[in-house]
Amino acid sequence: MMDYAISGLVLLGSFFAVIAALGVVRLPDVLVRMHASTKAGTLSAGLVMLGAAMWFWDLSVTFLLIALVLFLLLTAPVAAHMIGRAAVRTGVKMWTGKE
């Protein structure tokens, strides 16, 4: 039964990673692409890491994976903010909805 839960978490994480990749490719401007990559990317990494923690079920590996997810949760919003700020300051053309 545990194998099904682990498989479900990894597959769901992979699904969100594909959604994030499609968002980066298909969305119209840098701010919307940044939003898709940080939100879905962080969620997908968290789900895959949760599946890996359940698979290995070792305290040292679980601690390392929790630290990795916390690092992603702390750094992804900051990186997205800096990318968006740099795009606005350099005058990157934004999507107006009329194109």
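Here we summarise the structure given alongside this text. (Residues numbered from 1 in each chain as written. Predicted model: local features only at pLDDT ≥ 70, side-chain atom pairs only at ≥ 80, totals over all residues. Heavy atoms only, no water.)

1. A short note on the overall build of the chain
Here is step 1 of the chain: Looking only at helices and strands, the chain has three helices and zero strands in total.
Here is step 2 of the chain: Along the chain, helices and strands appear, N-terminal first, in the series α-α-α.
Here is step 3 of the chain: The C-alpha atoms of the chain give 17 Å as radius of gyration, which overshoots the globular expectation for 99 residues (13 Å, by more than 25%).
Here is step 4 of the chain: Once the C-alpha set of the chain is aligned to its principal axes, its extents read approximately 50 × 25 × 10 Å.
Here is step 5 of the chain: Relative to its full complement of 99 residues, the chain shows a buried share of 24%. (Helix = DSSP H or I, 4+ residues; strand = E, 2+ residues; numbered from the N terminus. Rg over C-alpha atoms; globule rule 2.2 N^0.38 Å. Buried < 20%, exposed > 50% of the residue type's maximum accessible area, 1.4 Å probe, protein only.)

2. Overview of the packing of aromatic side chains
Here is step 1 of the chain: Under the defined criterion, the tally for this structure stands at one aromatic pair.
Here is step 2 of the chain: A ring pair is formed by Phe 15 and Phe 16, whose centres lie 5.6 Å apart and whose planes are at 65°; its orientation type is edge-to-face.
Here is step 3 of the chain: Residue Phe 15 is classed as partly exposed on the basis of its relative accessible area, which comes to 47%.
Here is step 4 of the chain: Judged by relative accessible area, which is 24%, Phe 16 ranks as partly exposed. (Phe/Tyr/Trp six-rings, centres within 6.5 Å; stacked < 30°, edge-to-face > 60°.)

3. Focus on the environment of Ser 60
Here is step 1 of the chain: Of note, Ser 60 is situated in helix H3 (residues 59-90).
Here is step 2 of the chain: Measuring from C-alpha to C-alpha, the distance between Ser 60 and Gly 46 comes to 17 Å, with 14 residues separating the pair along the chain.
Here is step 3 of the chain: A distance of 2.9 Å separates the side chain of Ser 60 from the side chain of Asp 58, its partner in a polar contact. (Polar contact = N/O pair within 3.5 Å; in protein donor to acceptor, adjacent residues only side chain to side chain.)

4. Here's the deal with the side chain of Asp 29
Here is step 1 of the chain: Within the secondary structure layout, Asp 29 lies in the loop between helix H1 (2-26) and helix H2 (30-56).
Here is step 2 of the chain: As a buried residue without a salt bridge, Asp 29 has its nearest oppositely charged side chain in Arg 33, at a separation of 6.7 Å.
Here is step 3 of the chain: Only 3.3 Å separates the side chain of Asp 29 from the backbone nitrogen of Trp 95, close enough to count as a polar contact.
Here is step 4 of the chain: Asp 29 has contacts with Lys 93, Met 94 and Trp 95, leaving out every residue within four places of it along the chain. (Lys, Arg positive; Asp, Glu negative; His and termini not counted. Salt bridge = Lys/Arg side-chain N within 4 Å of Asp/Glu carboxyl O. Contact = heavy atoms within 4.5 Å.)

5. Description of the packing of H2 against H3
Here is step 1 of the chain: For the pair H2 and H3, interaxial distance at closest approach is 10 Å and the crossing angle is 175°. If you check the angle between H2 and H3, you find them roughly antiparallel.
Here is step 2 of the chain: For the contact of H2 with H3, the residue count by class is 19 nonpolar, six polar and no charged. (Axes fitted to C-alpha atoms, helices over the stretch in contact; angles between N-to-C directions. Parallel < 35°, antiparallel > 145°, perpendicular 65-115°, else oblique. Nonpolar A, V, L, I, M, F, W, Y, C, P; charged D, E, K, R; others polar.)

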